[in-house]
Amino acid sequence: MEIIEKAPAKINLGLDVKGKREDGYHELDMIMASVDLSDRITVKEMPDETGIRLQSNSSFVPLNKKNHAYKAAVLIKQTFHIQKGVEIFIDKKIPIAAGLAGGSSDAAATLRALNKLWQLNLSQEALAKLGEQIGSDVPYCVYGQTARVTGRGEYVKPIANAKKPWVILVKPDFGVSTPEIFRHVNSETISHPDISSLEVAVMNGDIDNVLTYMGNSLEDVTIDKHPLILKIKNRLLSSGADGVLMSGSGPTVFALCYHEKKARRLCNSIKGFCDEVYLVRML
Ligand SMILES: C[C@](O)(CO)[C@H](O)COP(=O)(O)OP(=O)(O)OC[C@H]1O[C@@H](n2ccc(N)nc2=O)[C@H](O)[C@@H]1O
Ligand SMILES: Nc1ncnc2c1ncn2[C@@H]1O[C@H](COP(=O)(O)OP(=O)(O)OP(=O)(O)O)[C@@H](O)[C@H]1O
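Parameters and conventions
Numbering of residues starts from 1 in every chain and runs along the sequence as written. Labels are handed out in written order, letters beginning with A for the chains and numbers beginning with 1 for the ligands. This being a predicted model, a pLDDT of at least 70 is required before a residue's local features are given, and a value of 80 or more before pairs of side-chain atoms are given or counted; all residues contribute to the totals for chains, interfaces and linings. UniProt positions are given in the numbering used here, feature names are shortened, and annotations may be inferred rather than shown by experiment. Numbering goes from the N terminus for both helices and strands, where a helix is a DSSP run of H or I of at least four residues and a strand is a run of E of at least two. Here the radius of gyration uses the C-alpha set of atoms, whereas the globule reference equals 2.2 Å times the residue count to the power 0.38. Residues are treated as contacting if the C-beta atoms built from their backbones sit within 7 Å of each other. The rule is simple: place the C-beta atom from the backbone, and if it lies within 6 Å of a molecule or strand, the residue is near it. Gly is put with the polar residues, along with every residue not named as nonpolar or charged; the nonpolar set is Ala, Val, Leu, Ile, Met, Phe, Trp, Tyr, Cys and Pro, and the charged set is Asp, Glu, Lys and Arg. In this document the domain limits rely on a domain assignment from an automatic tool or a database. Two strands form a pair only when DSSP identifies at least two bridges running between them. In this analysis an axis means a line fitted to C-alpha atoms, helices contributing only their contacting stretch, and an angle means the value between N-to-C directions, from 0 to 180 degrees. Exposed residues have 12 or fewer other C-beta atoms within 10 Å of their own C-beta, buried residues have 20 or more, and residues in between are partly exposed; the C-beta atoms are placed from the backbone. As used here, the arc belongs to the directions running from the helix axis to the C-beta atoms. Crossing handedness: left-handed means the near helix sits turned counterclockwise from the far one by under a right angle, and right-handed means the same turn made clockwise.

- In the annotation of an unreviewed UniProt entry, the entry for the protein chain reads 4-diphosphocytidyl-2-C-methyl-D-erythritol kinase, and the organism field reads Pseudolactococcus plantarum.
- UniProt, in its Sequence similarities (unreviewed entry) section for the protein chain, records the words "Belongs to the GHMP kinase family. IspE subfamily."
- As stated in UniProt under Pathway (unreviewed entry), the record for the protein chain gives "Isoprenoid biosynthesis; isopentenyl diphosphate biosynthesis via DXP pathway; isopentenyl diphosphate from 1-deoxy-D-xylulose 5-phosphate: step 3/6."

1. Remarks on the overall build of the protein chain
Part 1: Each helix and strand in the protein chain was counted, giving 10 helices and 11 strands.
Part 2: Computed over the C-alpha atoms, the radius of gyration of the protein chain is 19 Å, within 12% of the 19 Å expected from 2.2 N^0.38 for a compact globule of 283 residues.
Part 3: Here the C-alpha coordinates of the protein chain stretch approximately 60 × 40 × 35 Å along the principal axes.
Part 4: Across the protein chain, the fraction of contacts at a sequence separation of at least 24, relative to all contacts at a separation of at least 6, is 71%.

2. Considering the site of ligand 2
Part 1: Near ligand 2, the surroundings consist of 21 residues, among which His68, Ala101, Gly102, Gly103 and Asp106 are the closest.
Part 2: Mapped by element, the contributors of at least two residues to the shell around ligand 2 are helix H1 (68–79) and helix H2 (102–117).
Part 3: If you tally residues by element for the shell around ligand 2, the top one is H2, at four residues.
Part 4: Along the lines of polarity and charge, the residues of the shell around ligand 2 split into nine nonpolar, nine polar and three charged.
Part 5: Residue-level mapping places the shell around ligand 2 at the junction of two domains, with at least three residues from each of domain 1 (2–158) and domain 2 (166–281).

3. As for the site of ligand 1
Part 1: Residues in close proximity to ligand 1 total 18 residues, the closest being His26, Gly135, Ser136, Asp137 and Gly248.
Part 2: Counting residues per element, the ones that place at least two in the shell around ligand 1 are strand S1 (2–20), strand S2 (26–46) and helix H5 (178–183).
Part 3: Looking at the shell around ligand 1 residue by residue, the class counts come to seven nonpolar, nine polar and two charged.
Part 4: Formed jointly, the shell around ligand 1 draws a minimum of three residues from each of two domains, domain 1 (2–158) and domain 2 (166–281).

4. Concerning the domain arrangement of the protein chain
Part 1: Segmentation of the protein chain into domains returns domain 1 (2–158) and domain 2 (166–281).
Part 2: Contact residues are listed per partner, giving 25 residues for domain 1 and 33 residues for domain 2.
Part 3: For the side of domain 1 that touches domain 2, the secondary structure elements donating two or more residues are S1, S2 and strand S5 (146–151).
Part 4: Broken down by element, the residue count for the side of domain 1 that touches domain 2 peaks at nine residues, all from S1.
Part 5: Per-class residue counts for the side of domain 1 that touches domain 2 are 14 nonpolar, six polar and five charged.

5. Concerning the pairing of S2
Part 1: The pairing of S1 with S2 spans 17 bridges and is antiparallel. In the strand pairing of S2, leucine 15 is matched with methionine 30.
Part 2: Once S1 ends, the chain turns through five residues before running back antiparallel as S2, passing glycine 24 with a positive phi of about 95°.
Part 3: In terms of strand pairing, S2 meets S5 through six bridges, oriented antiparallel. Its bridge partner being in S5, leucine 28 is matched across the sheet by glycine 151.
Part 4: Where S2 meets strand S4 (residues 85–91), seven bridges bridge the pair, whose relative direction is antiparallel. Following the sheet pairing, valine 43 is matched in S4 by isoleucine 88.

6. Digging into the sheet that holds strand S9 (residues 243–246)
Part 1: Across the sheet, four strands lie side by side as S9-S10-S7-S11; this open sheet has antiparallel pairing. The open sheet has two edge strands with one neighbour each: S9 and strand S11 (276–281). Neighbouring strand axes in the sheet, compared pairwise and without regard to direction, differ in orientation by 20° on average.
Part 2: Of the strand pairs in this sheet, S9 and strand S10 (residues 253–257) are connected by four bridges, and their pairing is antiparallel. Looking at S10, one finds that valine 244 is bridged to alanine 255.

7. Quick look at helix H9 (residues 228–238)
Part 1: Of all the residues in H9, the buried ones are Ile229, Ile232, Lys233, Arg235 and Leu236. Mapping the buried residues of H9 onto a view down its axis gives an arc of 165°, with all of them on the same face. Turned more than 90 degrees from where H9 packs its buried face, Asn234 and Ser238 sit exposed.
Part 2: Those residues of H9 that are buried lie in contact with strand S7 (166–171), helix H8 (219–225), S9, S10 and helix H10 (260–271).
Part 3: Glycine 240 lies just past H9 and shows a positive phi near 105°.

8. Regarding the packing of H1 against H2
Part 1: The N-to-C vectors of H1 and H2 enclose an angle of 35°; their axes lie 7 Å apart at closest approach. The way H1 lies across H2 gives a crossing that is right-handed. Together, His68, Ala69, Lys71, Ala72, Ala73 and Ile76 of H1 and Gly103, Ser104, Asp106, Ala107, Thr110, Leu111 and Leu114 of H2 make up the contact between the two elements.
Part 2: Class assignment for the residues of the contact of H1 with H2 results in seven nonpolar, four polar and two charged.

Okay, structure coming up:
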């Protein structure tokens, strides 16, 4: 039997770093949303074998135990004492180390796929709980869609999203290390977007207030190291984007557009400035 699961990228419409925790992680308050740029995970049972075989169309994905999808399979096999072998194929479309949670979404999709393959009947809550052991973004990625996410990333509250815009993703030609960005966070100086007001605006489809309250505490930290991000932001704004923000720890910048024609025009104009550009819809 073969199971195929989509693994969509996420953007952070809002990300507030509230402080550093005793365990070294940061307390976060975020509004996250999935977009229709997706990897595709295929899992297939391997008769007569007991291990995990991992393959991908991308030469940039680690094909070993460091891979988040591999970690998900190990976790499921160990937790539920499954002796059967499994082959996992990652069809990679999401840029790597981009702030779009590609690895975390692959892990979540692998959890969902193996839940079906081995008929474990685990709830979303149970899969999200397992996902915590793989990475902070994995619990959210189990749910996807739009959600308010707090704690280290383990508390996920799905929320309604009344108006889903077009999203232009602009990925500069370099990756960013999430731990390194968090290491440079200075709690005295970072900005604190108002996530509660953003949540209300998203739920009500109040575009003006979505654009007013979207914000990311990590943006200035990453821009400090990579000023190109600010240039991309300014370029998108001057080309008519409704709102522009860096996603996660970066470096991907996203622009929101509530009209398709404008989104297509903006996408074409930014393509001359940056090689990796995607026009997608919020899911
Ligand atoms: C920046 C975000 O993408 C926002 O969605 C996530 O918080 C990062 O999620 P992630 O990549 O799944 O994070 P993890 O793999 O759990 O952690 C990577 C590193 O990021 C830092 N980290 C992550 C999450 C968090 N709440 N506090 C942190 O300080 C830690 O240094 C950690 O070692
Ligand atoms: N399935 C996977 N796909 C992509 N990267 C993976 C995967 N598994 C492990 N990695 C590793 O994870 C690291 C981060 O990659 P990823 O694409 O998940 O970053 P990201 O989008 O910035 O994540 P986040 O937004 O959650 O911080 C890379 O160093 C990569 O080698």
